[in-house]
Amino acid sequence: MKLDVNALRYLTKDDFRVLTAVEMGMRNHEIVPAELIGRIASLKHGGTYKVLKNLLKHKLVHHDSSKYDGFRLTYLGYDFLAIKTLVNRGVFASVGRQIGVGKESDIFEVATEDGTVLAMKLHRLGRVSFRAVKSKRDYLRHRRSFNWLYLSRLAALKEFAFMKALEEHGFPVPNAVDCNRHCVIMSLVQGYPLVQVKELPNPDTIFETILGLVVRLAEHGLIHCDFNEFNIMIDDDEKVTMIDFPQMISVSHRNAQMYFDRDIECIFKFFRKRFHLSFDEKEVESDGSDSELNESCRPQFLDINKVSGCLDKELEASGFTRKDQDDMEKFVEGDVEEDLGSDSGEGEDEDGTACPINDATLDGLESLSLIREEGDNLQEGDSEANQNIVQHP
Ligand code: ADP
Ligand code: MG
């Protein structure tokens, strides 16, 4: 799936109006009846169908006539809506090259008006695990608005809330700049994922720093749950930054100890293999193998039952509600287990069809100034997918 923002320049006010109408219709319909889109968009001179054909041409919507004549947003359509909103807010002005492909996200560089380069993470829940989403529908059956849009928006909202809170508590995370729909804007980390680092001058020190982070997180009431060499960035000055927060859980979670131990185990394993660190007998199995962390060494790090965090409670009071958390956990839990250590790769799009990873889709920064528009009657707030992700003054 490509993110070709060039098409954004040619989209008219009516195009965005109809695209937003499709998004709004998806509150209650997986496939939005064409006639309903027409009613929501209520273009002055009619012609919604013509606009839909144009959106279809640009792959911003998908046509489905299996049950009735209807449309739904594609990820690209959702991308365009988020990008347009953020550009209108002045958060950034142009989109650049792709810098990362996660399990369920695409990361691009974006640049502000004054040339500052930021990172844009577009969440794509359902890309890799669409079958898993389907099988998990049972959990969410009673939510009328459940769909991949909803899950991706939740993931972004959660990531943004957690990143902000972690930053406020002095954790080394990117600066959380803004969030809309499934899109999070954050500062660009000048470094590489640890998985790409072959040599470190002081692996022992880095190991201790990283392990210290997992423990400090838990002391604050949180467990990362995907703490591995793909989600730890390190720069030339050996500064460590942790990223990727949608799967974080509270220490009060019923499986907290297991997730905590697994995070710790990942770090041990990686440093043992990559940097040949050896650990004393208490910390590893006596045969020095890569098997699970020895039960007896757990308390050495932390007994999750004995910590009383504060950040997890703070976050409950933030925009990310307990119910959001529950929905996310039900969805994410299984995947975290399956996906550890396979943090990239080709996936499927929401249709379940093969979706090649974008290879440096966009060379150079493309100006998006043309997509700024005035006086659009359909307000951002009209759209459910857009409601109150972050309050803006
Ligand atoms: P996923 O949840 O899909 O695993 P991540 O947040 O881990 O996504 O991002 C995937 C990759 O994108 C990372 O491994 C990293 O290389 C890159 N990346 C993510 N965020 C940033 C950032 N703020 N600055 C620089 N690179 C980033
Ligand atoms: Mg990751």
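Below: a short report on this structure.

Analysis parameters
- Residues numbered from 1 in each chain as written.
- Chains lettered and ligands numbered in written order.
- Predicted model: local features only at pLDDT ≥ 70, side-chain atom pairs only at ≥ 80, totals over all residues.
- Heavy atoms only, no water.
- Pairing = 2+ DSSP bridges.
- Helix = DSSP H or I, 4+ residues; strand = E, 2+ residues; numbered from the N terminus.
- Near = heavy atom within 4 Å.
- Polar contact = N/O pair within 3.5 Å; in protein donor to acceptor, adjacent residues only side chain to side chain.
- Areas by Shrake-Rupley, 256 points an atom, 1.4 Å probe, with all protein chains shown as cover.
- Nonpolar A, V, L, I, M, F, W, Y, C, P; charged D, E, K, R; others polar.
- Axes fitted to C-alpha atoms, helices over the stretch in contact; angles between N-to-C directions.
- Parallel < 35°, antiparallel > 145°, perpendicular 65-115°, else oblique.
- Contact = heavy atoms within 4.5 Å.
- Salt bridge = Lys/Arg side-chain N within 4 Å of Asp/Glu carboxyl O.
- Buried < 20%, exposed > 50% of the residue type's maximum accessible area, 1.4 Å probe, protein only.

**Topic: the sheet that holds strand E11 (residues 232–234)**
- Across the sheet, 3 strands lie side by side as E9-E11-E12; this open sheet has antiparallel pairing. Looking at strand neighbours, the two that pair on one side only are strand E9 (192–193) and strand E12 (240–242), the edges of this open sheet.
- In this sheet, E11 lies alongside E9 in antiparallel orientation, the contact comprising 2 bridges. Looking at the pairing, Tyr192 lines up with Ile234 of E11.

**Structural notes on the site of ligand 1**
- As a matter of local geometry, ligand 1 sits amid 21 residues, with Ser105, Lys121, Val189, Asn231 and Asp244 nearest to it.
- Take Lys121: an N or O atom from its side chain is 2.7 Å from an oxygen atom of ligand 1.
- A distance of 2.8 Å is found between an oxygen atom of ligand 1 and a side-chain nitrogen or oxygen belonging to Asn231.
- Protein chains shield 91% of the accessible area of ligand 1, which is 540 Å² for the free molecule.
- In terms of residue count, strand E4 (residues 94–102) provides more of the shell around ligand 1 than any other element does, 3 residues in total.
- The residue makeup of the shell around ligand 1, split by class, is 11 nonpolar, 5 polar and 5 charged.

**A few points about the packing of helix H9 (residues 203–219) against helix H10 (residues 256–275)**
- Contact geometry of H9 with H10 gives a least axis separation of 10 Å together with a crossing angle of 175 degrees. Put simply, H9 runs roughly antiparallel to H10. Two secondary-structure elements touch here, H9 through Pro203, Ile206, Phe207, Ile210, Leu211, Val214, Val215 and Ala218 and H10 through Phe260, Asp263, Ile264, Ile267, Phe268, Phe271 and Phe275.
- When the residues that make up the contact of H9 with H10 are grouped by side-chain class, the tally is 14 nonpolar, no polar and 1 charged.

**Quick notes on the pattern of salt bridges**
- All chains considered together, the criterion is met by 8 salt bridges.
- Measuring nitrogen to oxygen at the nearest pair gives 3.1 Å for the salt bridge that ties Lys121 to Asp244. In this pair, Lys121 is assigned in strand E6 (residues 117–123) and Asp244 in the loop between E12 and strand E13 (249–250), connecting sequence segments 123 residues apart.
- When its relative accessible area of 6% is taken as the criterion, Lys121 is described as buried.
- Residue Asp244 is classed as buried on the basis of its relative accessible area of 14%.

These values are about where atoms sit, not about what they do.
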